[in-house]
Amino acid sequence: MQGFSKGFTYFICLVSAMGGLLFGYDWVVIGGAKPFYELYFGISSSPVMQGVAMTTALVGCLIGAMVAGAAADKYGRKPLLMLSAVLFTVSAIATGLFNDFTMFNIARFVGGVGIGVASALAPMYIAEVSPAEIRGRMVSLNQMTIVLGILSAQIVNMLLARDTTVAESQTWNVEWGWRWMFWAETLPAALFLFMSFFIPESPVFMQLKAVGTKLAKKEAGLRELFQHKYGKVLLLGLVIAVFQQWCGTNVIFNYAQEIFVGAGFNVDGMFINIVITGIANVVFTIVALYTIEKWGRRTLMLLGAGGLGLIYLTLGTCYFMGVTGVMMVVLVVTAISVYAMTLGPVTWTLLAEIFPHRVRGIAMATCTFALWVGCCTLTFSFPSMNAALGSSGTFWIYSAICICAFLFLLRNCPETKGKSLEELENELVKQ
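(A) Layout of the overall build of the protein chain. Each helix and strand in the protein chain was counted, giving 19 helices and 0 strands. Burial status across the protein chain gives 59% buried among its 431 residues. Partitioning the intrachain contacts of the protein chain with sequence separation of at least 6 by distance along the chain shows that 85% fall at a separation of at least 24. With an accessible surface of roughly 16,100 Å², the protein chain has 70% of that area assigned to carbon and sulfur atoms.

This is the structure:
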């Protein structure tokens, strides 16, 4: 962490955070492509196949996150970030190229592996190269690039989707529009790969490898991570990772069509509202960059859990009462805003901070794996939950989850701002 100038530290953090940009784009682009590839592949009347198409990349995320920690502890952080860039590039080209539904899903799976690797490695790498006084802001930079990737995907989707009321335009959307939505990712993916050649290896990884036989001979594994002394901090990491997904906000991005159409908007209005949510996401992530070092991680996590619990309770009630129009957009944008300045960035910051050096790689991979299990189950279950319970019942369930998480965090979430990684290790891990 010493030895890097401030300017160079910002540079390498920004390059690493480009993995977040691609993570955000790849994750959300499918939401805009969804109405068109479903018609192309003939799955528009099959909730199960829709769930499969939306979940395939998330299964790849599970695999990527699973292997990222052990591989990063063995080979280093930098090679894994470069690998994720290659996977993003290949997936972006292949997803739009294939005409077969199975091959489409395989290409999405490859991109998902890239997401899993980048989501585990980027925040960890940034935390390891950043000094304590700006570490929260630097790790939040990764979330900033994620939401910029999300907004980029939303804008690209809106610009590429032609007027759905014109038959010729609708045909173009179904044949080619959704392909170009995926292909647009190729340029930033190639740029990430090129820039990753210029970043150094993490100093923490180099230190562990230089310590000698005692630490370098054998990388930490799951058996060591699940020792009693790590139990409390591991439980905290797993809970906040899964909760970031099961708070429900991410279904707004992946299932925007169902949510906004259910609120009374047509497909063209849907795209406009999606971009509005994306702008709110970016604006309030910028707010998070300034509040995370002032308000602290614990305060923001509690604000996120409690705030979303109340918003989803209100949103579910409005759906139940048949409310439509601008009121629904306001509630959705408010939910996105609260998430963007709290659970979105702070989860990744906490996960990158709370684990000791010895097990950080495998712990980050384990928690990121749990996060993507949460995302996978959330994404796959939403169509069925929405069909069975309606939007009101679905958002009431998310509200209950948020309230339970608030109570857990109130009791167990520590404050980590301004403390070195070594200080946190001494405080959070039983010696």
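(B) Local environment of the pattern of salt bridges. Counting across every chain of the model gives 6 salt bridges. Here Arg77 and Glu128 are joined by a salt bridge, their closest N and O atoms 2.8 Å apart. Linking Arg77 in helix H3 (residues 77-97) with Glu128 in helix H4 (residues 101-129), this pair joins segments that are 51 residues apart in sequence. Glu128 shares its class with Arg77; the two are buried. Taking the shortest distance from any N to any O, the salt bridge between Glu353 and Arg297 comes out at 2.5 Å. One end of the pair, Glu353, is in helix H17 (residues 343-353); the other, Arg297, is in helix H15 (residues 297-320), and 56 residues separate them in sequence. Across the pair, exposure class does not vary: Glu353 and Arg297 are buried alike. Each of the salt bridges in this network shares a partner with another, and the network as a whole consists of Arg135, Glu293, Arg297 and Glu353.

(C) Structural context of the packing of aromatic side chains. Applying the stated criterion across every chain, the model contains 22 aromatic pairs. When the centroid spacing of 5.6 Å and the interplanar angle of 45° are considered together, the rings of Phe320 and Trp396 count as tilted. One end of the pair, Phe320, is in helix H15; the other, Trp396, is in helix H18 (residues 360-412), with 76 residues separating them in the sequence. The exposure class of Phe320 is exposed, given its relative accessible area of 60%. A relative accessible area of 33% places Trp396 in the partly exposed class. Feature note: the residues Tyr37, Tyr40, Phe41, Phe101, Phe104, Trp178 and Phe182 constitute an aromatic cluster, connected by ring pairs. Here the basic side chain of Arg179 rests over the ring of Tyr40, its NZ or CZ set 5.0 Å away from the ring centre. In this structure, Arg179 is placed above the aromatic ring of Trp176, and the distance from its NZ or CZ to the ring centre is 5.5 Å.

(D) Local environment of the packing of helix H1 (residues 6-41) against helix H5 (residues 132-160). At a closest axis distance of 6 Å, the pairing of H1 and H5 adopts a crossing angle of 35°. The two elements H1 and H5 meet at a crossing, and its hand is right-handed.

(E) Representation of H17 in the model. The buried fraction of H17 amounts to 11 of the 11 residues, a majority that puts the element mostly inside the structure. Buried within H17 we find Leu343, Gly344, Pro345, Val346, Thr347, Trp348, Thr349, Leu350, Leu351, Ala352 and Glu353.

(F) Molecular detail of a nonpolar patch on the surface. Judged by side-chain polarity, Val59, Ile63, Met66 and Val67 come together as a nonpolar surface patch covering roughly 310 Å² of accessible area. Turning to its location among the elements, Val59 is positioned in helix H2 (residues 47-75).

(G) Looking closely at empty space enclosed by the protein. In the structure shown here, the tally under the stated rule is 4 cavities of 30 Å³ or more. By volume, the second largest cavity amounts to about 80 Å³. Of all the elements in the fold, those that place two or more residues in the lining of the second largest cavity are H1, H5, helix H11 (231-246) and helix H12 (250-254). Here the element with the most residues in the lining of the second largest cavity is H5; it accounts for 4 residues. Here the residues of the lining of the second largest cavity are counted per class, giving 9 nonpolar, 5 polar and no charged.

(H) Local environment of the nonpolar core. Core analysis: the largest hydrophobic core is formed by 124 residues, its most contacted members being Tyr37, Leu121, Leu308, Tyr312, Trp372 and Tyr398. Setting aside residues up to four positions removed in sequence, Leu121 forms contacts with Ala68, Ala72, Arg77, Leu80 and Leu81.

(I) Up close: the side chain of Ser91. Looking at the element boundaries, Ser91 is found in helix H3. On the accessibility criterion, Ser91 (1% relative accessible area) is buried.

(J) Seen up close, H11. A rise of 1.5 Å per residue sets the reference length of H11, with its 16 residues, at 22 Å; its end C-alpha atoms lie 22 Å apart and thus fit the reference within 8%. All of the buried residues in H11 are Val233, Leu234, Leu236, Gly237, Ile240, Ala241, Phe243, Gln244, Gln245 and Trp246. Gly248, located one to two residues past H11, shows a positive phi value of around 95°.

(K) Broad picture of the state of the cysteines. The full count for this structure, using the stated rule, is 0 disulfides. Unpaired in this structure, Cys402 has its nearest cysteine sulfur neighbour in Cys247, at a distance of 5.4 Å.

(L) Summary view of the environment of Tyr125. Checked against the element boundaries, Tyr125 lands in helix H4. In this structure Tyr125 comes out as buried when scored by relative accessible area, which is 0%. For Tyr125, the contacting residues outside a window of four places in its chain are Ile12, Ser16, Arg77, Leu81, Ile199, Pro200, Glu201 and Ser202.

(M) Geometry of the confidence of the model for the protein chain. Confidence along the protein chain averages 83 in pLDDT terms, with 89% of residues attaining 70 or more. When mean pLDDT is compared element by element in the protein chain, H15 scores highest at 94, while helix H9 (residues 213-216) scores lowest at 45. Here residues 213-217 scores under 50 on pLDDT; set against residues more than four positions off or in separate chains, the count is 5 contacts.

(N) Local environment of the environment of Thr55. In this structure, Thr55 sits in helix H2. Taking the relative accessible area as the measure of exposure, Thr55 reaches 6% and is therefore buried. For Thr55, the contacting residues outside a window of four places in its chain are Cys376, Thr379 and Phe380.

Cut-offs and rules
Residues numbered from 1 in each chain as written. Predicted model: local features only at pLDDT ≥ 70, side-chain atom pairs only at ≥ 80, totals over all residues. Heavy atoms only, no water. Helix = DSSP H or I, 4+ residues; strand = E, 2+ residues; numbered from the N terminus. Buried < 20%, exposed > 50% of the residue type's maximum accessible area, 1.4 Å probe, protein only. Contact = heavy atoms within 4.5 Å. Areas by Shrake-Rupley, 256 points an atom, 1.4 Å probe, with all protein chains shown as cover. Salt bridge = Lys/Arg side-chain N within 4 Å of Asp/Glu carboxyl O. Phe/Tyr/Trp six-rings, centres within 6.5 Å; stacked < 30°, edge-to-face > 60°. Lys NZ or Arg CZ within 6 Å of the ring centre and 35° of its normal. Axes fitted to C-alpha atoms, helices over the stretch in contact; angles between N-to-C directions. Left-handed = near helix turned anticlockwise from the far one by under 90°. Patch = residues over 30% accessible without salt bridge, like charges linked within 9 Å, V, L, I, M, F, W, Y side chains within 5 Å. 1 Å grid on protein atoms, 1.4 Å probe; cavity = no way out; pocket = protein on both sides within 12 Å on 5 of 7 lines; lining within 4 Å. Points joined across faces, edges and corners; volume = space filled by probe spheres on them. Nonpolar A, V, L, I, M, F, W, Y, C, P; charged D, E, K, R; others polar. Core = buried A, V, L, I, M, F, W, Y, C linked by side-chain atoms within 4.5 Å. Expected span 1.5 Å × (residues − 1). Disulfide = S-S within 2.5 Å. pLDDT = per-residue confidence, 0-100.

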